[in-house]
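# Structure at a glance
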Amino acid sequence: PTSHLDPPSNDVVRGENTAVHHPVAVPVKRHEKGRRKRPKQSQTSHHAVITKTGENKKQGNGDKNNNINNNRVMIRTKVLDEEKCDLFTGEWVPNPEGPYYTNDTCDAIQEHQNCLKFGKPDTGFLKWRWKPDECELDIFDPDQFLELVRGKSLAFVGDSVARNHMQSLICLLSRVANPVDLSGPLDQNKRYEYTEHDFNISMFWAPYLVKTEKTDPNDDKRPFKLYLDEFDPTWTTKIASFDYVIISAGHWFFRPTYFYLNDRLIGCLYCPESNVSHVTSFFSYRRAFRTAFRAINEAVDFNGVTFLRTFAPSHFEGAQWDKGGDCVRTGPFKRNETALVDYSLEMYLIQLEELRIAQKAGRRNGGKFRLFDATKAMLLRPDGHPSKYGHWPVANVTFANDCVHWCLPGPIDSWNDFLQELLKREIGDSGSR
């Protein structure tokens, strides 16, 4: 069941160079005649995210599974900095000052995130900020940020949502400085330099984090081969020069893929072969993060800080993404109005568990791994996606609604509020030692 978020003609421009599976908000059982029965977890619609509190039993989790997951969530307290305020538990509160840039003032916004250009009718999604329960989170200050990172380098490793984050940062900084773009217009790996501040930003396109090959060299939409125990040289050979690395991945792990360990095919997701073990996306997701974190811990001369930016859920409601599913809400959820369930919950827990393993391994050789928890805040923002407002309407052409990426300006600008505070903490901690 291959699916595409973007129309084929936009694949190269946007960097969305493969098929991606995106879910509806409430799990839907699939019945596929003639298809091999897959593991139970793979039969629900992928990484479902929106459900009213109290519906978890209806989702098929059951009390036993809920108790197990509640125990697993406790690992979050182990990967947080216990001496500092938890930035990532809180609520969205009104912010009449937003936004801090527009599509007229920043040219780093890609078309499919340019909600203002394409007439998103409700602009209330621009008027919120994140408020942690236990402390204040300062709004991003571009002058302060550029002083924090003077003489430093920052790398984003991941997929198009990682790029979405990087572009948000560039737009927020555009109020005081614009970088020199050292990459080509169609390059998926990007590099920007703020020469006056001796600061640079890079984006490494690595949606699977590990070594990847195409099954058809001339067709990016065919299934990929994932070598789950091998490093991706695209980024792992280059991170030694960076002070900060933000690593993330998610939505690509639901597309058809073949899995290799020790250079041997050991399973697949959504492949037609009956003689290959069919496993869930959780298997590859865990293995990929474990390998990526091992690559960082084993990187020669890398002395930087790694931030795991956790999974940002999509918000399709009403139908599957390619069956008219959409995200039309005009305001954030409150915490008691939704819950992280099913695939999104499992992916989030896997990330926390693998981060904990990486932290323990890192202590032996000085590796520094930090939690950048975007999941809890972004679960509450179904109003911040482009939906149909990432392009002009075209007669007799149907586009899938985009409830995966985020409008710019929009809710993920708050990720740079988080980043600013996380960097303050790193600099403060290093200065006190």
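Read on for a plain summary of the structure. Here the structure is a predicted model, which is why all the values come from computation and not from measurement.

## Side note on the overall build of the chain
- When its secondary structure is counted, the chain shows 10 helices and 13 strands.
- Counting over 433 residues, the chain shows a buried share of 57%.
- In the chain, the share of contacts with a sequence separation of at least 24, taken over all contacts with a separation of at least 6, comes to 78%.
- Put simply, the chain shows about 18,300 Å² of open surface, and 49% of that area lies on carbon and sulfur atoms.

## A few points about the sheet that holds strand β6 (residues 199-205)
- A sheet is described by the order of its strands in space; here seven strands give the open sequence β4-β5-β6-β3-β9-β12-β13, paired in mixed fashion. Looking at which strands have only one partner, the edges of the open sheet turn out to be β4 (180-181) and β13 (368-372).
- Here strand β5 (residues 190-194) runs beside β6; their pairing, made up of five bridges, is antiparallel. Each bridged residue has a counterpart across the sheet, and for Tyr-194 the counterpart in β6 is Phe-199.
- Sheet contacts for helix α8 (residues 342-363): β12 (305-309) and β13; angle to β13, the most-contacted strand, approximately 155°.

## Description of helix α5 (residues 160-173)
- End to end, α5 covers 20 Å across 14 residues, agreeing with the expected 20 Å (1.5 Å per residue, within 8%).
- Across the 14 residues of α5, 14 count as buried, placing the element largely inside the fold.
- Sitting at the head of α5, Asp-159 places a side-chain oxygen 3.0 Å from the backbone nitrogen of Val-161.

## Details of empty space enclosed by the protein
- Counting across every chain of the model gives three cavities of 30 Å³ or more.
- Lining the largest cavity are 18 residues; nearest its centre among them are Tyr-100, Trp-128, Gly-410, Asp-413 and Ser-414.
- Of all the secondary structure elements, the ones that give two or more residues to the lining of the largest cavity are β2 (128-132) and α10 (413-432).
- Here the element with the most residues in the lining of the largest cavity is α10; it accounts for three residues.
- For the lining of the largest cavity, the per-class residue count stands at 10 nonpolar, four polar and four charged.

## Some words on the sheet that holds strand β7 (residues 210-214)
- Read across the sheet, four strands follow the order β7-β8-β10-β11 without closing on themselves; strand pairing throughout is mixed. In this open sheet, the two strands that pair with only one neighbour each are β7 and β11 (264-269). Between one strand axis and the next, the sheet turns through 30° on average, direction left out of account.
- The sheet strands contacting helix α7 (residues 281-298) are β7, β8 (224-231), β10 (257-261) and β11, and the helix crosses β8 at an angle near 40°.

## Quick look at the state of the cysteines
- Scanning all chains against the criterion turns up five disulfides.
- In this model, Cys-106 is linked to Cys-171 through a disulfide, with the two sulfur atoms separated by 2.1 Å. Torsion about the S-S bond of the Cys-106 and Cys-171 cystine: about -75°, corresponding to left-handed handedness. Of this pair, Cys-106 sits in the loop between β1 (90-94) and β2 while Cys-171 sits in helix α5; the two residues are 65 residues apart in sequence, bridging distant segments of the chain. Each member of the pair Cys-106 and Cys-171 is classed as buried.
- Disulfide pairing places Cys-327 opposite Cys-403 at an S-S distance of 2.1 Å. The sign of the S-S torsion, about -95°, decides the handedness of the disulfide formed by Cys-327 and Cys-403: left-handed.

## Some words on the environment of Glu-317
- Note on placement: Glu-317 falls in the loop between β12 and α8.
- Take Glu-317: its relative accessible area is 22%, and that puts it in the partly exposed class.
- Sequence separation of Glu-317 and Cys-403 is 86 residues, and the distance between their C-alpha atoms is 9.2 Å.

## What to know about the pairing of β5
- Burial along β5 is one-sided: Lys-190, Tyr-192 and Tyr-194 are buried, while Arg-191 and Glu-193, pointing the other way, are not.
- As paired elements, β4 and β5 share two bridges and run antiparallel to each other. Bridging across to β5, Val-180 finds its partner in Glu-193.
- If you look at the hairpin formed by β5 and β6, you'll find four residues sitting between the two strands, and Asp-198 has a positive phi there, around 50°.

## Overview of the packing of α7 against α8
- At a minimum axis separation of 9 Å, α7 and α8 run at an interaxial angle of 25°. It follows that α7 is roughly parallel to α8 by the angle criterion. When the axes of α7 and α8 are compared, the crossing they make is right-handed. In contact with Ser-281, Phe-282, Tyr-285, Arg-286, Phe-289, Arg-290, Phe-293 and Asn-297 of α7, α8 contributes Tyr-343, Glu-346, Met-347, Ile-350, Gln-351, Glu-353, Glu-354, Leu-355, Ile-357, Ala-358, Ala-361 and Gly-362.

## A few points about the packing of aromatic side chains
- According to the stated counting rule, one finds 23 aromatic pairs in the structure shown.
- A centroid spacing of 5.5 Å and a plane angle of 80° characterise the contact between Trp-205 and Trp-252, whose relative ring orientation is edge-to-face. Residue Trp-205 is found in strand β6, and its partner Trp-252 is found in the loop between β9 (244-247) and β10; the two are separated by 47 residues along the sequence.
- Residues Phe-259 and Phe-283 carry aromatic rings whose centres are separated by 6.1 Å and whose planes lie at 55° to one another, so their mutual orientation is tilted. Of this pair, Phe-259 sits in strand β10 while Phe-283 is found in helix α7, placing the two residues 24 residues apart along the sequence.

## Considering unusual backbone geometry
- In this structure, Pro-99 follows Gly-98 across a cis peptide bond, with omega equal to -5°.
- Note on placement: Pro-99 falls in the loop between β1 and β2.
- Geometrically, the link from Leu-408 to Pro-409 is a cis peptide bond, its omega value of -5° lying close to zero.
- Here Pro-409 shows up in the loop between α9 (375-379) and α10.
- Unlike most non-glycine residues, Asn-262 shows phi in positive territory, near 50°.
- Within the secondary structure layout, Asn-262 lies in the loop between β10 and β11.
- For Asp-301, which is not glycine, the phi dihedral falls at a positive 70°.
- Note that Asp-301 resides in the loop between α7 and β12.

Reading the values: rules and limits
- Residues numbered from 1 in each chain as written.
- Predicted model: local features only at pLDDT ≥ 70, side-chain atom pairs only at ≥ 80, totals over all residues.
- Heavy atoms only, no water.
- Helix = DSSP H or I, 4+ residues; strand = E, 2+ residues; numbered from the N terminus.
- Buried < 20%, exposed > 50% of the residue type's maximum accessible area, 1.4 Å probe, protein only.
- Contact = heavy atoms within 4.5 Å.
- Areas by Shrake-Rupley, 256 points an atom, 1.4 Å probe, with all protein chains shown as cover.
- Pairing = 2+ DSSP bridges.
- Axes fitted to C-alpha atoms, helices over the stretch in contact; angles between N-to-C directions.
- Expected span 1.5 Å × (residues − 1).
- Polar contact = N/O pair within 3.5 Å; in protein donor to acceptor, adjacent residues only side chain to side chain.
- 1 Å grid on protein atoms, 1.4 Å probe; cavity = no way out; pocket = protein on both sides within 12 Å on 5 of 7 lines; lining within 4 Å.
- Points joined across faces, edges and corners; volume = space filled by probe spheres on them.
- Nonpolar A, V, L, I, M, F, W, Y, C, P; charged D, E, K, R; others polar.
- Disulfide = S-S within 2.5 Å.
- Parallel < 35°, antiparallel > 145°, perpendicular 65-115°, else oblique.
- Left-handed = near helix turned anticlockwise from the far one by under 90°.
- Phe/Tyr/Trp six-rings, centres within 6.5 Å; stacked < 30°, edge-to-face > 60°.

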